[in-house]
Amino acid sequence: MAYARHHGVYLTDSQGFVLDIYYQGTEAEIQQCARPDGRVPLVSGVAFFSVETAEHLLATHVSPPLDACTYMGLDSGARPVQLSLFFDILLCMARNVSREDYLVGRPPEVGQGDADVAGYLQGARAQLWRELHDQPLTMAYVPDGSYSYMTSSASEFLHSLTFPGAPGAQVVHSQVEEPQLLGAGSSVVSCLLQGPVRLDSGSVLQHCHLQGPIHIGPGCFVSGLDIAQSKALHGLELHDVVLQGHHVRLHGTPIHAFTLVGRLDSWERQGTGTYLNMSWSEFFQKTGIRNWDLWDPDTPPAERCLLSARLFPMLHPSRALGPQDMLWMLDPQEEAGEALWAWRASWRLSWEQLQPCLDRAATLASRRDLFFRQALHKARRVLEAQQDLSLRPLIWAAVREGCPGPLLATLDQVAAGTGDPGVAARALACVADVLGCWAEGRGGLRSGPAANPEWLRPFSYLESGDLARGVEALAQERDKWLSRPALLVRAARHYEGAGQILVRQAVMSAQHFVSTEPVELPAPGQWVVAECPARVDFSGGWSDTPPLAYELGGAVVGLAVRVDGRRPIGARARRIWEPGLWLAAGPRQDEMAMKIVCQSMDDLQDYCQPHAPGALLKAAFICAGIVSVHSKLPLSEQLLRTFGCGFELHTWSELPHGSGLGTSSILAGTALAALQRAAGRMMDTEALIHAVLHLEQVLTTGGGWQDQVGGLMPGIKVGRSRAQLPLKVEVEEIMVPEGFVQTLNDHLLLVYTGKTRLARNLLQDVLRSWYARLPAVVQNAHSLLKHTDACAEAFRQGSLPLLGQCLTVYWKQKKLMAPGCEPLAVRRMMDVLAPHVHGQSLAGAGGGGFLYVLTKKPRQKEAVEAVLAKTEGLGNYSVHLVEVDTQGLSLRLLGSGTST
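Rules of the game
- Residues numbered from 1 in each chain as written.
- Predicted model: local features only at pLDDT ≥ 70, side-chain atom pairs only at ≥ 80, totals over all residues.
- Heavy atoms only, no water.
- Salt bridge = Lys/Arg side-chain N within 4 Å of Asp/Glu carboxyl O.
- Helix = DSSP H or I, 4+ residues; strand = E, 2+ residues; numbered from the N terminus.
- Buried < 20%, exposed > 50% of the residue type's maximum accessible area, 1.4 Å probe, protein only.
- 1 Å grid on protein atoms, 1.4 Å probe; cavity = no way out; pocket = protein on both sides within 12 Å on 5 of 7 lines; lining within 4 Å.
- Points joined across faces, edges and corners; volume = space filled by probe spheres on them.
- Nonpolar A, V, L, I, M, F, W, Y, C, P; charged D, E, K, R; others polar.
- Pairing = 2+ DSSP bridges.
- Axes fitted to C-alpha atoms, helices over the stretch in contact; angles between N-to-C directions.
- Phe/Tyr/Trp six-rings, centres within 6.5 Å; stacked < 30°, edge-to-face > 60°.
- Core = buried A, V, L, I, M, F, W, Y, C linked by side-chain atoms within 4.5 Å.
- Contact = heavy atoms within 4.5 Å.
- Polar contact = N/O pair within 3.5 Å; in protein donor to acceptor, adjacent residues only side chain to side chain.

## Some thoughts on the pattern of salt bridges
Summed over all chains, the structure comprises 44 salt bridges. Across the pair Asp293 and Arg344 runs a salt bridge whose closest N-O atoms are separated by 2.9 Å. Taken together, the residues Asp293 in helix H9 (residues 291–294) and Arg344 in helix H11 (residues 336–345) connect sequence positions 51 residues apart. Using a relative accessible area of 10% as the deciding quantity, one classes Asp293 as buried. On the basis of relative accessibility, which here comes to 37%, the residue Arg344 falls in the partly exposed class. Within the structure, one salt-bridge network assembled from shared partners comprises Arg392, Asp433, Arg446, Glu496, Asp765 and Arg768.

Here you go:
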């Protein structure tokens, strides 16, 4: 309250409405304003106007005499009116202020002038009262807030920029190679510090590019030095000084000038005055500088102060000037005579004379350049050290400031120079982000195809492993696509496609864990049948998706499940006498809707186009090693040489497309298992899990490992992959209490939502967010891993309520990972089911497909159907029984009774 006697204070009621504003109020008035914490709310410089209030205020700018507050009135020849935001505009809204008192008052900054001013102000205030008095004025109180008025004191300035009690240095928009050399309570803003740069507590560096070794002691402020000038600091230890570089324009000529003053120097005109924290007499004695060097002989002694002293060299007749032309004054040694001579030979200005010559445009331009210089160093370090820091803010800044070129060049260098495909893929994803931001929301959707023939050459280099040439070719092609938003977006898509090539190569390292053993070859015509359950994910989904699976590590709890008592996914294969490949796929084993005959290698060429008919089956033949797309032999000759026959492969799934139950990956697993056995080879389930990873990369659908782990392995388990390459998946069975599997069967239901999942677009969006290392996505990804352990423990305890909580948390995590994965009809469905379930989630990535619910009561299929039947707008849904499958993948030879 003592502090408030010299300031404006708000008087408010219990709801926060302002009743009055006192300026330098009496003790009694200030006491009235006291809050429960014994403090009073000072008038702050921040005011927020609602739309309605702003409209009322703006309406006054054309009404005399208030029009004279703006150029509108001035240009009309009106007498200027000076009004106070707080004591004219806001005060008239205060509830306890009467019209009479308000009209005769005047803001504190307006003195007791003549009667004309008072009358003019009264008219202006009357107009404000009419417009604004009825507007409500409230005050927001900041607890523990304090005021800090800026003065000309360097000490106070430094205090405002540092945190004396802070445990470490404050580093903002800066790249510091040796951060351990920054003292606690120091501050570094928009700097690039290379090598050993020591900064002691209480000192500040701003807008500097310095190369160590440099030691800046306590109480210093250093600003505007570039790497060339930083050499002047080598071998010095600064204490309590302010050293600044300035962009100056003298008669149209740009120069770089430097000023040096002491932290304790006074800028007041009165008083004895100091320079470099010492008296003038001491300074003269120490440096050899004389009174007449600084001031004209006719300058009155009272005006001989720091402001008017011609201390600062601007131009020298024979050489460029630098910080050393000021720094010598701190410690004049034997070379002081030469330094003093050079200083005297320079054309110098005082601080007063220098101010009008400062080139603010050049200063801002140089600060912008330094900001991006340090940011590019930081970007390189973030990518190469694989740090979880987002470069998206830098990308937006570079695009908006018109500086995307240097950023693109840096990203190209990182991608081409690294030996790590993960680092290169992230760098290419950042290039895609730059191009996408450059399009400024125009040019179409970011997600889309990336197979334009113009990009085939750089893609072929990447496919062959020639990263450097691939990145160079990408950049050459990119330069042709920068002219308009549509081309920028398409180029961004192709950079994401290039990144996916590198992800595929990383995931293909899973082949290291794929091995087969020879077994007896089935007779021609004998079917090998592989059948599998579907899978339901209970926790950790998305963490299994490359590159998360090998950059962060993955962990997923999944269940193998039968749907309506059936194992819905399967494949069968057999050898046939014709030397070709017969492919068929259908909704059921006995109903093949699609049939394809491959008689040449040309028929197999679309194996890597996921939407091509039979692409998955063709990829299975290639990944099983039955045919080689790189061989120059015709298809029939390849088959006859190795097997003496051809093959027939059928696959089926009784689940709808986009079910979210892992169909395509599990289908790939059954196809590979059946083909390998038909070719006289066996593969254990662990090898098969990695073989499916490889197949999906060949097919170019991407995807993770949780689907095949969930469906090929029996029961309830947790799959894990470590943050490393080669990518290896390990599976651990979760042991549950006796009888709990049956309890789970009685309480778990599947509801088909009628909505088809759009996994590919969801996947592209999630990978884009991960590569951008958006903080919310990084935090959520770590949370997925942590939550998986809690879910596994809930299974071990056999607790349905705990599992329900896990599902609820898991669905929130999925929605954070892939915004938009919850269609409106699904949300409506989940809302009506909420009172009847412990928890629920959409299967897989979300967006549609199957919803699985853990009901509070057992055997609730009919009850759930009844609840949904009463709800409008749900569309074509259906409810299905589900039970845990304890068998996993089954493989049998028809006609021989053999099963494995």
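That shown, we press on.
## Brief notes about the layout of surface pockets
Taking a probe equal in size to a water molecule and rolling it over the atoms shows the remaining empty space. Reported here for the second largest pocket is a volume of approximately 1,300 Å³. What lines the second largest pocket is a set of 42 residues, and nearest its centre among them are Glu463, Ile501, Arg504, Cys608 and Thr700. The leading source of residues in the lining of the second largest pocket is helix H19 (residues 485–507), at eight residues. A breakdown of the residues in the lining of the second largest pocket according to their chemical character gives 20 nonpolar, 15 polar and seven charged.

## Details of empty space enclosed by the protein
Inspection of the entire model under this criterion finds five cavities of 30 Å³ or more. There is about 50 Å³ of room inside the largest cavity. Together, Gln500, Val503, Val507, Thr545, Pro546, Gln697, Gly702, Gly703, Leu763 and Leu767 line the largest cavity. Every element with two or more residues in the lining of the largest cavity is listed here: H19 and helix H27 (759–771). When residues of the lining of the largest cavity are assigned to their parent elements, the largest contribution, three residues, is made by H19.

## Remarks on the sheet that holds strand S4 (residues 175–176)
Spatially, the three strands line up as an open sheet ordered S4-S6-S9, and their pairing is parallel. If you trace the sheet from one side to the other, it starts and ends with S4 and strand S9 (209–211), each paired once. Alignment of S4 against strand S6 (residues 192–194), held across two bridges, turns out to be parallel. Pairing of Gln175 across the sheet is with Leu192, part of S6.

## Brief notes about the sheet that holds strand S11 (residues 221–223)
Pairing is mixed in the open sheet, where six strands are placed in the order S3-S5-S8-S11-S13-S14. Two strands bound the open sheet, and with one partner strand each, they are strand S3 (170–172) and strand S14 (253–262). The average undirected angle you get between the axes of adjacent strands in this sheet is 15°. The sheet contact formed by S3 and strand S5 (residues 187–189) spans three bridges and is parallel. Looking across to S5, one finds that Val172 is bridged to Val189.

## Overview of the pairing of strand S1 (residues 8–12)
By the criterion of burial, S1 is predominantly enclosed, with four of the five residues buried. Relative to strand S2 (residues 18–23), S1 runs antiparallel, the two sharing five bridges. Residue pairing in the sheet places Tyr10 in a bridge with Ile21 of S2. The turn linking S1 back onto S2 is made up of five residues, and Gly16 within it adopts a positive phi angle of 95°.

## Details of the packing of aromatic side chains
One pass over the full model with this rule turns up 20 aromatic pairs. Judged by centre distance (6.0 Å) and plane angle (80°), the rings of Trp280 and Phe283 are edge-to-face. In this pair, Trp280 and Phe283 are both assigned in helix H8 (residues 280–287), three residues apart and thus about one turn of the helix distant. Given a relative accessible area of 9%, Trp280 falls into the buried group. Seen in terms of ring centroids, Trp280 and Trp295 are 5.2 Å apart; in terms of plane orientation they differ by 75°. Their pairing is edge-to-face.

## A few points about the nonpolar core
In this structure, Phe538, Leu581, Ile626, Leu744 and Phe795 are the most contacted members of the largest nonpolar core, which totals 181 residues. The residues contacting Leu744, other than those within four sequence positions of it, are Leu559, Ile716, Phe795, Leu800, Leu803, Leu854 and Val884. Judged by nonpolar contacts, the second largest core, of 61 residues, contains Leu238, Leu311, Leu349 and Leu354.

## Here we look at the side chain of Thr670
With respect to the element layout, Thr670 can be found in helix H23 (residues 663–678). The buried category is assigned to Thr670, whose relative accessible area is 0%. Polar contacts involving the side chain of Thr670 include one to the main-chain carbonyl oxygen of Leu667, which spans 2.7 Å. With residues up to four places along the chain from it excluded, the contact list for Thr670 reads Ala530, Glu531, Cys532, Ile569, Gly570, Ala571 and Leu889.

## A few points about the environment of Glu696
Looking at where Glu696 falls in the secondary structure, it is placed in helix H24 (residues 685–699). On the accessibility criterion, Glu696 (5% relative accessible area) is buried. Taking the C-alpha atoms as reference points, Glu696 and Ala555, 141 residues apart in sequence, are found 19 Å from one another. Those residues in contact with Glu696 that sit more than four places away from it in its chain are Ser664, Ser665, Thr701, Gly702, Gly703 and Gly704.

## Regarding unusual backbone geometry
In the segment running from Gly212 into Pro213, the intervening peptide bond is cis, with an omega of 10°. Structurally, Pro213 can be placed in the loop between S9 and strand S10 (214–216). With an omega of 0°, the peptide bond between Leu725 and Pro726 qualifies as cis. Notably, Ser190 is not glycine yet its phi reads approximately 50°, a positive angle. Residue placement: Ser190 occurs in the loop between S5 and S6.

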